[in-house]
Number of protein chains: 2
Amino acid sequence: MNIAHHLYSNNIKPSVQRIKIFEYLYNSKNHPTVDTIYCQLAGEIPTLSKTTVYNTLKLFIENGITSSLIIDGNEARYDAIMKKHAHFKCNDCGYIYDIEINDLKLKDSQLAGFEIGETNIHLIGKCKKCLTK
Amino acid sequence: MNIAHHLYSNNIKPSVQRIKIFEYLYNSKNHPTVDTIYCQLAGEIPTLSKTTVYNTLKLFIENGITSSLIIDGNEARYDAIMKKHAHFKCNDCGYIYDIEINDLKLKDSQLAGFEIGETNIHLIGKCKKCLTK
DNA sequence: TTCTAAATTTGTAACGATTACAATTATGGT
DNA sequence: ACCATAATTGTAATCGTTACAAATTTAGAA
């Protein structure tokens, strides 16, 4: 995937920072926090500022190529995979799994006439790995 | 509902603060924030401290009579209705609706062997009222 | 009732994630 | 190369939450 082109086609002018941040987000599947992104890229881009990471992610979200999730209260995590999916966080190892969702059945009557823009599903528990060890 | 008894039967020693906080939480259906609870009760309990509200809610959650939800990033909201339900937040009026959920169908294969402790479903969009006005 | 220990409440200070803002640096067109 | 505009950066401020120690209340024993 050509990242510069991906940014362009979503109305984002590419820059070194933007390309590197999106690249990291897209390749690392671990829903990184701002701090993680910053620390990982600070080596490659020595002048990088944490504010730039915040600004850039905000821009990505506004243009629909990134989404944010808050699965525990304290800090936001980011995801470049835009296909609708749920998240499962293991309380033991802390890993956040992507979970495919088929369908979400809600009582029709209640949401009739509502316009649903966003659906966030967060599961918390213990993953198979941690349960079997 | 006898609140003092409800607290007792959940291993919480009642106190003026605890009773008032739970009472407010239980009667107001609007998923209040800590600040809202504090401001509402500060009149009745002039010595009330915001720390007490935090402590008390934490105690309620530990003992399973309250749950917290974070539907937009910034501040936590609290709910004394423990029956499993989803939340819909209207981006226009800001109101948070309780939505009954029948069933959540996820791809079985992925979560096989996982232990799911908590399921949070947050919907965001525009409610009927705001759409029709 | 009075004393004492434990639990609860309170206020202040600290913390951490995020944002505001102004200054610096880079970019693109003429 | 020059200029206007956009992007990046660092610092300081903001705000929800937590840590902590002092003050108050509670409950049980003497």
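Refer to the preceding data block for the structure.
Examining the protein's contact with DNA strand C
Part 1: Around DNA strand C, the surrounding shell holds 15 residues, and the nearest of these are Tyr54 and Ala76 of chain A together with Ser15, Thr47 and Thr52 of chain B.
Part 2: At a separation of 3.1 Å, a phosphate oxygen of DNA strand C approaches a polar side-chain atom of Arg18 of chain B.
Part 3: Within the side chain of Thr47 of chain B, an N or O atom sits 2.7 Å from a phosphate oxygen of DNA strand C.
Part 4: For the surface near DNA strand C, the elements supplying multiple residues, two or more each, are helix H4 (50–62) of chain A together with helix H2 (16–27) and helix H4 (50–62) of chain B.
Part 5: If you tally residues by element for the surface near DNA strand C, the top one is H4 of chain B, at 3 residues.
Part 6: Considered class by class, the residues forming the surface near DNA strand C number 3 nonpolar, 9 polar and 3 charged.

Things to note about the relation of the copies chain B and chain A
Put simply, the second copy of the chain is the first one after a rotation about an axis and a shift along it.
Part 1: Between chain B and chain A, which share one sequence, the superposing operator has a rotation angle of 180° and an axial displacement of 0.0 Å; the RMSD is 0.0 Å. Given the turn and translation reported, the copies of this chain are related as if by a two-fold rotation axis. Looking at the rotation axis and the C-alpha trace of chain B, the residue lying nearest is Ile121 of chain B, at 2.3 Å.
Part 2: The share of interface residues of chain B whose copies in chain A are also at the interface is 100%, consistent with both copies meeting through the same surface.

Some thoughts on the interface of chain B and chain A
Part 1: Taken residue by residue, the interface counts 34 residues in chain B and 34 residues in chain A.
Part 2: Buried surface at the junction of chain B and chain A, both sides included, amounts to about 3,100 Å², of which 59% is carbon and sulfur.
Part 3: The tally of links from chain B across to chain A stands at 0 salt bridges.
Part 4: Looking at the side of chain B that touches chain A, the element that brings in the most residues is strand E5 (residues 115–126) of chain B, giving 12 residues.
Part 5: Residues belonging to the side of chain B that touches chain A are distributed by class as follows: 16 nonpolar, 9 polar and 9 charged.
Part 6: Both strand E5 (residues 115–126) of chain A and E5 of chain B contribute to a ladder of 11 bridges, which runs antiparallel. Residue Leu123 of chain A lies in a different strand from E5 of chain B, and its bridge partner there is Thr119 of chain B.

The rules we used
- In this convention, every chain numbers its residues from 1, walking through the sequence in written order.
- As they are written, the chains are lettered A onward and the ligands numbered 1 onward, keeping that order.
- For this predicted model, a pLDDT threshold of at least 70 governs which residues receive local features, and a threshold of 80 or more governs which side-chain atom pairs are given and counted, while totals over whole chains, interfaces and linings are taken from all residues.
- In computing side-chain properties, one takes all heavy atoms of the structure into account and sets aside hydrogens as well as water.
- When we say a residue is near a molecule or strand, we mean one of its heavy atoms is within 4 Å of it.
- Whenever two N or O atoms come within 3.5 Å, that pair is a polar contact, provided that in protein one can donate a hydrogen and the other can accept it, and provided that, for residues adjacent in sequence, both atoms are side-chain atoms.
- The way it works is that DSSP assigns letters per residue, a run of H or I at least four long becomes a helix, a run of E at least two long becomes a strand, and they are numbered from the N terminus.
- Three residue categories are used. Nonpolar comprises Ala, Val, Leu, Ile, Met, Phe, Trp, Tyr, Cys and Pro, charged comprises Asp, Glu, Lys and Arg, and polar comprises the others, including Gly.
- The superposition of copies rests on a least-squares fit of C-alpha positions from residues with pLDDT of 70 or more in both.
- Any two residues whose heavy atoms approach within 4.5 Å are treated as being in contact.
- As a working definition, buried area equals the accessible area (1.4 Å probe) given up by two parts on being put together, with both sides summed.
- Any carboxyl oxygen of Asp or Glu within 4 Å of a side-chain nitrogen of Lys or Arg constitutes a salt bridge here.
- Any two strands with at least two DSSP bridges between them are considered paired.

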